[in-house]
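Geometric and topological summary
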Amino acid sequence: MSVDLETDLGADLEIVFNDILPRILDEFDSRGIKATFFVVSDLLKNYSKEIKEIARRGHEVASHSRTHSFLNFDNSWEEINSSRLDFLDVGIDVSGFRAPGYVTVSDHKHLAMVKRAGYSYDASFAAYLPGRYFRPLIGRRPYVAHGDELKKSESKKLIEMPMPTLIWPSGLNGLSYFKLFYPVSFWIARLFGMRYMFYLHLWEFIDVSRLKPNGIFEKLIACGCGDKAWKIFMKYLDLAEKQSVKFVSCKEYLNSKGLS
Ligand SMILES: [Zn+2]
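Calculation rules
Residues numbered from 1 in each chain as written. Predicted model: local features only at pLDDT ≥ 70, side-chain atom pairs only at ≥ 80, totals over all residues. Heavy atoms only, no water. Buried < 20%, exposed > 50% of the residue type's maximum accessible area, 1.4 Å probe, protein only. Helix = DSSP H or I, 4+ residues; strand = E, 2+ residues; numbered from the N terminus. Pairing = 2+ DSSP bridges. Right-handed = clockwise from strand over helix to strand, strands pointing away. Phe/Tyr/Trp six-rings, centres within 6.5 Å; stacked < 30°, edge-to-face > 60°. Lys NZ or Arg CZ within 6 Å of the ring centre and 35° of its normal. Donors = N, O, S within 2.8 Å, 3.2 Å for Na, K, Ca; no water. Patch = residues over 30% accessible without salt bridge, like charges linked within 9 Å, V, L, I, M, F, W, Y side chains within 5 Å. Areas by Shrake-Rupley, 256 points an atom, 1.4 Å probe, with all protein chains shown as cover. Salt bridge = Lys/Arg side-chain N within 4 Å of Asp/Glu carboxyl O. Axes fitted to C-alpha atoms, helices over the stretch in contact; angles between N-to-C directions. Parallel < 35°, antiparallel > 145°, perpendicular 65-115°, else oblique. Left-handed = near helix turned anticlockwise from the far one by under 90°. Contact = heavy atoms within 4.5 Å. Nonpolar A, V, L, I, M, F, W, Y, C, P; charged D, E, K, R; others polar. Core = buried A, V, L, I, M, F, W, Y, C linked by side-chain atoms within 4.5 Å. Lys, Arg positive; Asp, Glu negative; His and termini not counted. Charge placed at Lys NZ, Arg CZ, Asp CG, Glu CD. Expected span 1.5 Å × (residues − 1). Bend = angle between axes of the 7 residues up to and from the residue.

Turning to the pairing of strand β3 (residues 60–63), a few remarks are in order. Where burial is concerned, the two faces of β3 agree: the one with E60 and A62 and the one with V61 and S63 are both buried. Where strand β2 (residues 36–39) meets β3, four bridges bridge the pair, whose relative direction is parallel. Bridged to F38 within β3 is A62. Handedness of the crossover joining β2 and β3 through helix α2 (residues 44–56) is recorded here as right-handed.

In structure tokens:
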């Protein structure tokens, strides 16, 4: 289970931290769910107490960059490396990195930077989402990232945890898409079972009238945010319980597969 904690869609951070975060932490507690929260490290400036609380409640805190700017050749290293240092400053040693919007510079260069910054896994590659990136042949399961640049750098291996977003029938692993294609998405999950990773954003539980989507893509993603998204997510979690799916953090998952 992975949760992105960021400022996308003009999310009001007071609502996110004071209302939604406590609600999701309580829900996860009551269902015995452990998750990885990919957090934008700039949020530590005003919300370090709340972010530390996530870790105190037994979840993994990982990095979702420093400012949530989409990565490019100019900002990648700064966003990847300084974010890890920001977390270390408050005593959180993060192992994982997820790029904002799943946008990265070339695969090898991105992975080499993530490794050089001291992370042990990356979760920035999405298998397929038309219009933004195209990696139809990428693995649908975590794998050891290879490549000359990676082998040359430090001895520790780097794991990639790709998100199979829209590839049938393994797609619909993000709450945004799950609610967009609901109830078809629900039938697919019921019929084919769940994939190895799910992700959501905390702003998805803010009422749509209080969001500020920018452009057609964001307007589409904002559809059904608020109570509807919460109800659909609860239905998804109920289905997971029926299918005996146990949600754990990325780190726990990699440990259990001997990939850490
Ligand atoms: Zn994000």
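And the narrative resumes.
A few words now on the packing of aromatic side chains. Enumeration over the complete set of coordinates arrives at 13 aromatic pairs. Look at F178 and F198: their rings are 6.2 Å apart centre to centre, the planes differ by 80°, and that puts the pair in the edge-to-face class. Taken as a pair, F178 in helix α6 (residues 175–180) and F198 in the loop between α7 (184–192) and β10 (199–201) lie far apart in primary sequence, 20 residues in all. Each member of the pair, F178 together with F198, is buried. Here the aromatic cluster, defined as three or more aromatic residues joined through ring pairs, consists of F178, F198, F205, W230, F233, Y236 and F247. Positioned over the ring face of W77 is R116, at 4.2 Å from the centre of the ring. A cation over an aromatic ring shows up here: K235 above the ring of F186, its NZ or CZ 4.6 Å from the ring centre.

Before going further, it helps to examine the coordination of the zinc ion. Ideal coordination angles are 109.5 degrees for a metal with four donors arranged tetrahedrally and 90 or 180 degrees for a metal with six donors arranged octahedrally. Around the zinc ion, the protein contributes the donor atoms E6 (OE), H64 (NE2) and H68 (NE2), at 1.8 to 2.1 Å from the metal centre. Binding-site remark: the zinc ion is held by donors from one chain whose sequence spacing is E-x57-H-x3-H. Note that E6 is positioned in the loop between β1 (2–5) and α1 (13–31) and H64 in the loop between β3 and α3 (76–89), a separation of 58 residues in sequence. You'll find E6 and H64 in the same group, each marked buried.

Let us now look at a nonpolar patch on the surface. A grouping of F181, V184 and W187 is seen on the molecular surface, where their side chains present a nonpolar patch of about 300 Å² in accessible area. Checked against the element boundaries, F181 lands in the loop between α6 and α7.

Below, the discussion takes up the packing of α1 against helix α9 (residues 227–242). Closest axis-to-axis distance for the α1/α9 pair is 12 Å, and the angle between their directions is 15°. Considered as vectors, α1 and α9 are oriented roughly parallel to each other. In this structure, α1 meets α9 at a crossing whose hand is right-handed. Residues R23, I24, E27, F28 and R31 of α1 touch α9, and the partners they reach there are W230, F233, M234, L237, D238 and E241. Of the residues in the contact of α1 with α9, the class split is six nonpolar, no polar and five charged.

In this section: the nonpolar core. Grouped burial of nonpolar side chains is what soluble globular proteins tend to show. Among the nonpolar cores identified, the biggest contains 86 residues, and M1, I24, F37, I51 and F233 are the most heavily contacted of them. In this structure F233 touches M1, I24, F28, L175, F198, L200 and F205, once residues within four positions along its chain are discounted.

The next subject is the pattern of salt bridges. This structure, assessed with the given rule, holds 13 salt bridges. With its nearest N and O atoms 2.9 Å apart, the salt bridge here joins R31 to E241. Taken as a pair, R31 in helix α1 and E241 in helix α9 lie far apart in primary sequence, 210 residues in all. Assessed through its relative accessible area of 47%, E241 is described here as partly exposed. Taken together, the shared-partner salt bridges in this structure form one network comprising D26, D29, E53, R56 and R57.

Before going further, it helps to examine a positive patch on the surface. Together, R140, R141, R195 and K257 make up a region of like positive charge exposed at the surface. Mapping R195 onto the fold places it in the loop between α7 and β10.

The end-to-end C-alpha distance of α2 is 15 Å, clearly below the 18 Å that 13 residues give at a rise of 1.5 Å each. Its maximal kink placed at E50, α2 deviates by approximately 35°. Every buried residue of α2 is listed here: L44, Y47, E50, I51 and I54. G58 sits one or two residues past α2 and shows a positive phi near 95°.

Right, let's get into the pairing of β2. Of the two faces of β2, both are covered, the one formed by T36 and F38 as well as the one formed by F37 and V39. Judged from the four bridges that link them, β1 and β2 form a sheet pairing that is parallel. Opposite D4, over in β2, you have F38 as the bridge partner. Crossover handedness for the path β1 to α1 to β2: right-handed.

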